[in-house]
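Read off the chains here:
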Amino acid sequence: MPYLFGGLVVLNAITLGYYLFLQQPSTTQTLKAAKESITQPLEFTNSANYIPPTIGTRD
């Protein structure tokens, strides 16, 4: 019985190592769409001018 348990532990470690380090992830359609939407330029508005001054300063 200990050999069976040890064998399963080793098999689990080999499988985990394969999926974590050796297998390259395949790109799905959802991932491609997400990457395309991220690379589009985003509109940015600097709102630092609208922040009130710190209490105790004279501005």
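Provided above is the structure to which this section pertains.
Quick caveat, the model's predicted, so the values are computed rather than measured.

K.L.:
Before we go on, may I ask you to explain the overall build of the protein chain in this structure?
P.N.:
Of regular secondary structure, the protein chain possesses 2 helices and 0 strands. Put simply, the protein chain has 59 residues, and 2% of those count as buried. With an accessible surface of roughly 6,300 Å², the protein chain has 64% of that area assigned to carbon and sulfur atoms.

K.L.:
Quick question: what am I supposed to make of a nonpolar patch on the surface here?
P.N.:
Residues Leu 16, Tyr 18, Tyr 19, Leu 20, Phe 21 and Leu 22 make up a contiguous nonpolar surface patch of about 730 Å² in total accessible area. For Phe 21, a relative accessible area of 67% translates into the label exposed.

K.L.:
Looking at this model, I keep getting lost on the packing of aromatic side chains. Mind explaining?
P.N.:
Where two aromatic rings form a pair, the distance of their centres and the angle of their planes describe that pair. Evaluation of the coordinates by the stated rule reveals 1 aromatic pair. Ring geometry for Tyr 18 and Tyr 19: centres 5.2 Å apart, planes at 75 degrees, overall edge-to-face.

K.L.:
What exactly am I supposed to notice about helix α1 (residues 2-22) here?
P.N.:
Residues spaced three or four apart along an α-helix face the same direction, because each turn holds 3.6 residues. For α1, built from 21 residues, the straight-helix expectation of 30 Å at 1.5 Å per residue is met to within 8% by its first-to-last C-alpha distance of 29 Å. Little of α1 sits out of view: just 1 of its 21 residues are buried.

Definitions and cut-offs
- Residues numbered from 1 in each chain as written.
- Predicted model: local features only at pLDDT ≥ 70, side-chain atom pairs only at ≥ 80, totals over all residues.
- Heavy atoms only, no water.
- Helix = DSSP H or I, 4+ residues; strand = E, 2+ residues; numbered from the N terminus.
- Buried < 20%, exposed > 50% of the residue type's maximum accessible area, 1.4 Å probe, protein only.
- Areas by Shrake-Rupley, 256 points an atom, 1.4 Å probe, with all protein chains shown as cover.
- Patch = residues over 30% accessible without salt bridge, like charges linked within 9 Å, V, L, I, M, F, W, Y side chains within 5 Å.
- Salt bridge = Lys/Arg side-chain N within 4 Å of Asp/Glu carboxyl O.
- Phe/Tyr/Trp six-rings, centres within 6.5 Å; stacked < 30°, edge-to-face > 60°.
- Expected span 1.5 Å × (residues − 1).

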